[in-house]
Amino acid sequence: MTEEKILLFDKTIVAVCDMRNLSGIEVIDAKGQYVSAGFIDLHIHGSGGADVMDATPEALQTISETLVQTGTTSFLATTMTMSTSAIENALQNVKQHASLVKGARIIGVHLEGPFLNPEKHGAQDKQYIREPSVELIAPYLDQIRMITMAPEIAGAEKFIRMLSGKFPHIILSIGHSNASFEQSKESFAWGITHATHLFNAMNPCFHREPGITGAVFDSDITCDIIADRVHVHPSVLKLTHRIKGDKLMLITDAMRAGCMQNGSYDLGGRPVSVENGKAVLQDGTLAGSVLKLNEALRNMTNVSDMTRIEAVNAVTCIPAKKLGLDLGKLENGYVADIVIFDKDFSIITTIVEGEVKYNKG
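Residues numbered from 1 in each chain as written. Predicted model: local features only at pLDDT ≥ 70, side-chain atom pairs only at ≥ 80, totals over all residues. Heavy atoms only, no water.

**Brief notes about the overall build of the protein chain**
Step number 1: Of regular secondary structure, the protein chain possesses 10 helices and 19 strands.
Step number 2: On C-alpha atoms alone, the protein chain measures out to a radius of gyration of 20 Å, which is about the 21 Å that the 2.2 N^0.38 rule sets for 361 residues.
Step number 3: Once the C-alpha set of the protein chain is aligned to its principal axes, its extents read approximately 65 × 45 × 45 Å.
Step number 4: Counting across all 361 residues of the protein chain, residues that qualify as buried make up 53%.
Step number 5: Summarising the internal contacts of the protein chain: among those between residues at least 6 apart in sequence, 70% fall at separations of at least 24.
Step number 6: Total accessible area computed for the protein chain in this model is approximately 15,500 Å², and 46% of it derives from carbon and sulfur atoms. (Helix = DSSP H or I, 4+ residues; strand = E, 2+ residues; numbered from the N terminus. Rg over C-alpha atoms; globule rule 2.2 N^0.38 Å. Buried < 20%, exposed > 50% of the residue type's maximum accessible area, 1.4 Å probe, protein only. Contact = heavy atoms within 4.5 Å. Areas by Shrake-Rupley, 256 points an atom, 1.4 Å probe, with all protein chains shown as cover.)

**Here we look at the packing of aromatic side chains**
Step number 1: Evaluated as defined, the whole model comprises five aromatic pairs.
Step number 2: With centroids separated by 5.2 Å and ring planes inclined at 65°, the aromatic side chains of Phe115 and Phe159 adopt a geometry described as edge-to-face. Within this pair, whereas Phe115 is found in the loop between strand E8 (105–112) and helix H3 (134–137), its partner Phe159 is found in helix H4 (residues 156–166), the two being separated by 44 residues in sequence. Like Phe115, the residue Phe159 is buried in the burial classification.
Step number 3: The ring of Tyr34 has Arg308 sitting right over it, with the charged end atom 4.4 Å from the ring centre. (Phe/Tyr/Trp six-rings, centres within 6.5 Å; stacked < 30°, edge-to-face > 60°. Lys NZ or Arg CZ within 6 Å of the ring centre and 35° of its normal.)

**Observations regarding the pairing of strand E1 (residues 5–9)**
Step number 1: The two faces of E1 differ: Ile6 and Leu8 on one face are buried, but Lys5, Leu7 and Phe9 on the other face are not.
Step number 2: Here E1 pairs with strand E2 (residues 13–18) via five bridges, running antiparallel. Along E2, the bridge assignment pairs Lys5 with Asp18.
Step number 3: Counting the residues in the hairpin turn of E1 and E2 gives three residues. (Pairing = 2+ DSSP bridges.)

**Topic: helix H2 (residues 84–97)**
Step number 1: Counted at 1.5 Å a residue, the expected span for H2 with its 14 residues is 20 Å, and the 20 Å between its end C-alpha atoms agrees.
Step number 2: Among all positions of H2, only Ala86, Ile87, Ala90, Leu91, Asn93 and Val94 are buried. Buried residues of H2, viewed axially, fall in a sector of 155°; they line one side.
Step number 3: Contact partners of the buried residues in H2: helix H1 (57–67), strand E7 (72–78) and E8. (Expected span 1.5 Å × (residues − 1). Arc of directions from axis to C-beta.)

**Concerning the environment of His43**
Step number 1: Within the secondary structure, His43 is located in strand E4 (residues 39–44).
Step number 2: As for His43 and Val335, which are separated by 292 residues in sequence, their C-alpha atoms are 21 Å apart.
Step number 3: Non-local contacts of His43, meaning those with residues more than four positions away in its chain, are made with Thr78, His110, Glu112, Thr196, His197, Ile251, Thr252, Asp253 and Ala254.

**Re the nonpolar core**
Step number 1: One finds Ile137, Ile147, Leu250 and Met255 to be the most contacted residues of the largest nonpolar core, which totals 101 residues.
Step number 2: In this view, Ile137 contacts Leu111, Ile144, Ile147, Phe159 and Leu163; residues no more than four positions away in its chain are not counted.
Step number 3: Residues Ile13, Tyr334, Ala336 and Ile351 belong to the second largest nonpolar core, which totals five residues. (Core = buried A, V, L, I, M, F, W, Y, C linked by side-chain atoms within 4.5 Å.)

**What to know about unusual backbone geometry**
Step number 1: Look at the link from Gly113 to Pro114: it is a cis peptide, with omega at 10°.
Step number 2: Inspection of the secondary structure assignment puts Pro114 in the loop between E8 and H3.
Step number 3: The phi angle at His176 is positive, at roughly 50°, despite the residue not being glycine.
Step number 4: Tracing the backbone shows His176 in the loop between strand E10 (171–174) and helix H5 (181–190).
Step number 5: Residue classification places His176 among the buried positions, given a relative accessible area of 4%.

**As for the sheet that holds strand E15 (residues 270–275)**
Step number 1: The sheet built from three strands is open, its strands ordered E14-E15-E16 with antiparallel pairing. Here the strands that pair on one side only, and so sit at the sheet edges, are strand E14 (263–267) and strand E16 (278–281). The mean inter-strand angle of the sheet, taken between neighbouring strand axes irrespective of direction, is 35°.
Step number 2: Judged from the four bridges that link them, E15 and E16 form a sheet pairing that is antiparallel. Bridge pairing in E16 links Val272 to Leu281. (Axes fitted to C-alpha atoms, helices over the stretch in contact; angles between N-to-C directions.)

Okay, structure coming up:
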């Protein structure tokens, strides 16, 4: 932990150096609070009343402007399992308008479905689940940075092997899956390198049938988890950190009710009720979350052995490395995405590419 240092930046980090004469330089005084690289959310559907599947530039702008309040400076716009036309409209919207948002930066698309196992559809609409198809996503392969899929379904092996070989920038992640331990380990050899919201929308980990979670624990692939204390019990959050260490990332999986009040919303065209930090479909199925990324950091440091630095790494340098981007570090040459927060992870200031985008005041 560095103290009494100067962080010089423009759009990128110029230097971290000792105190010096600052005449002629605009100064942002952290006033003894914590300073880190901006947070990266690999899995978020919406926030501030908007959703990626709205497929409008206004929706992307709303999400972008809302997320800087939570310390998030970069995110993967995450889709849902809906009709082919709805998915294509959302992908086309991101392709055309992602570069125009004014808050947190959109760094690509996370395609969650529709290549899922109907038995583990969760809040995804299973009527739109289909076999893996490169044709569906071919025009958007440059934008897509992550695909959550079930590797045990028909056509998955060919799809995984082809994408991992020809498009290594795309993270292939196991999720919404009922794969056995053996099937999971086999898929890791094909090209699956990550697991989406570990424990949720997948088979349970039994001592004789360890399933997906057991395979993840028995490998060095990375994984992410929803640390809202709703999706996963605090003791399991603690256990997961102990086992996965620096292979663990934190996500929100937030839907349009993120940063909003309790009430009625929708996710993927299905009605959702939000109350006391919990979002559910009419049948009680969890429907994403209303978690903020800074709250995930607070939760993990409160319930597990994860240190403050480890928690910050789980939303900065670890996901940045996974994505292969020069983000997530306060080092010379890295993008000047910066967050100032207090001891409880309440956000004070958020800076994106050197510009202040949020200031609590």
